[in-house]
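Each chain, letter by letter, is given below.
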Amino acid sequence: MSTTVTPTLRQRAIQIAREVLKHNPIYLDTETTGLGAQDEIIEISIVNDQGQVVYESLVRPTRPIPPDAIAIHGITNEEVQKARPWHIVWQEVRPVLLNAGVVVIYNEEFDLRMMQQTHARLGLPWRDRFRTFDLMKLYAEYYGEWDPKRRSYRYHSLEAAGKQCGIALPNAHRATADTLLTRALLHFIAGVPY
């Protein structure tokens, strides 16, 4: 497939990445029981812009993890059995997110939906707003592969984006590995060392 990015469009993406980095971002990723409307978070990780883990935890879900999800991320029901439930984990995660300059997420729509769904499964209201930035959308613009069906630039998985940029960090489908890859990708787009 052809890449149709213009120098101006790529330069705009580079400039946006550099602006995001000025806010000393943190990076967030979750792993879940699946992709559907009833699924919930089973792992969350946050790293800072220096690549240090700020927070990571398994989360005990309200229902078993299906085998197809286990096949993707490798997190088993036995591993989460003694983990703390989301309402406890959220008490620790919430201040980190609220105090961040910006929270960078690769496919923020998915992770934010999963946080809200997990809240809802436990009967918790979703009131918090924190500043987020979706790196998947910026990478689509940076890479510049046109999707005629959507009439916009094609989205790529985090794993594909890392490979396309030659980033050596693996996408292990675990939250901390994915936050580190997200961080490296933002730095790569900005043209600064990661």
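Predicted, not measured: the structure shown is a model, and the values here were computed from it. (Residues numbered from 1 in each chain as written. Predicted model: local features only at pLDDT ≥ 70, side-chain atom pairs only at ≥ 80, totals over all residues. Heavy atoms only, no water.)

**A look at helix α6 (residues 135-143)**
Here is step 1: Of all 9 residues in α6, 7 are buried, a share of seventy percent or more.
Here is step 2: Taken together, the buried positions of α6 are L135, M136, L138, Y139, A140, E141 and Y142.
Here is step 3: At its buried positions, α6 is contacted by α1 (7-21), β4 (103-105), β5 (132-134), β7 (152-153), α7 (158-164) and α8 (175-190).
Here is step 4: With a side-chain oxygen positioned 2.9 Å from the backbone nitrogen of M136, the residue opening α6 is D134.
Here is step 5: Looking one or two places after α6, you find G144, whose phi comes out positive at around 75°. (Buried < 20%, exposed > 50% of the residue type's maximum accessible area, 1.4 Å probe, protein only. Helix = DSSP H or I, 4+ residues; strand = E, 2+ residues; numbered from the N terminus. Contact = heavy atoms within 4.5 Å. Polar contact = N/O pair within 3.5 Å; in protein donor to acceptor, adjacent residues only side chain to side chain.)

**Digging into the packing of helix α4 (residues 86-98) against helix α5 (residues 108-121)**
Here is step 1: Here α4 crosses α5 at 140°, and the two axes come no closer than 11 Å. Between α4 and α5, the angle falls in the class oblique. Our pair here, α4 against α5, has a crossing hand that is left-handed. Counting all contacts with α4, which are made through W86, W90 and L97, the residues of α5 involved are M115, T118 and H119. (Axes fitted to C-alpha atoms, helices over the stretch in contact; angles between N-to-C directions. Parallel < 35°, antiparallel > 145°, perpendicular 65-115°, else oblique. Left-handed = near helix turned anticlockwise from the far one by under 90°.)

**A word on the environment of I65**
Here is step 1: Assignment of secondary structure puts I65 in the loop between β3 (53-58) and α2 (67-73).
Here is step 2: The class for I65 is buried, based on a relative accessible area of 2%.
Here is step 3: Those residues in contact with I65 that lie beyond four places of it in its chain are T33, I42, I70, H73, I75, T76, N77 and V80.

**A look at the packing of aromatic side chains**
Here is step 1: Considering all chains together, one arrives at 7 aromatic pairs under this definition.
Here is step 2: Relative to Y142, the ring of Y139 has its centre 6.1 Å away and its plane inclined at 35°; by these criteria the two rings are tilted. Here the residue Y139 and the residue Y142 both occupy positions in helix α6, the gap between them amounting to 3 residues, near one helical turn. Y142 carries the same exposure label as Y139, and that label is buried.
Here is step 3: Where Y139 meets Y143, the ring centres are 5.7 Å apart and the plane angle is 25°; that geometry is what we call stacked. A residue pair is termed a helical-turn pair when its members lie 3 or 4 positions apart in one helix, as Y139 and Y143 do in helix α6 at 4 residues.
Here is step 4: Taken together, the ring pairs in this structure connect W86, W90, W126 and F130 into an aromatic cluster. (Phe/Tyr/Trp six-rings, centres within 6.5 Å; stacked < 30°, edge-to-face > 60°.)

**Looking at unusual backbone geometry**
Most peptide bonds take the trans configuration, and most residues that are not glycine carry a negative phi.
Here is step 1: A positive phi angle is found at N107, which is not glycine, with a value near 75°.
Here is step 2: With respect to the helices and strands, N107 occurs in the loop between β4 and α5.
Here is step 3: Of note in this structure, R151 is not a glycine but carries a positive phi near 60°.
Here is step 4: Within the secondary structure layout, R151 lies in the loop between β6 (146-147) and β7.

**What about the pattern of salt bridges?**
Here is step 1: Taken as a whole and assessed by the stated rule, the structure comprises 11 salt bridges.
Here is step 2: A salt bridge links E43 to R174, with the shortest nitrogen-to-oxygen separation between them at 2.9 Å. You can see E43 sitting in strand β2 (residues 41-48) and its partner R174 sitting in the loop between α7 and α8, a full 131 residues away along the chain.
Here is step 3: Ionic pairing is found between R154 and D147, a salt bridge with its closest N-O pair at 3.7 Å.
Here is step 4: With relative accessibility at 24%, the residue R154 sits in the partly exposed group.
Here is step 5: Via salt bridges that share partners, E145, D147, R150 and R154 belong to a single interconnected network. (Salt bridge = Lys/Arg side-chain N within 4 Å of Asp/Glu carboxyl O.)

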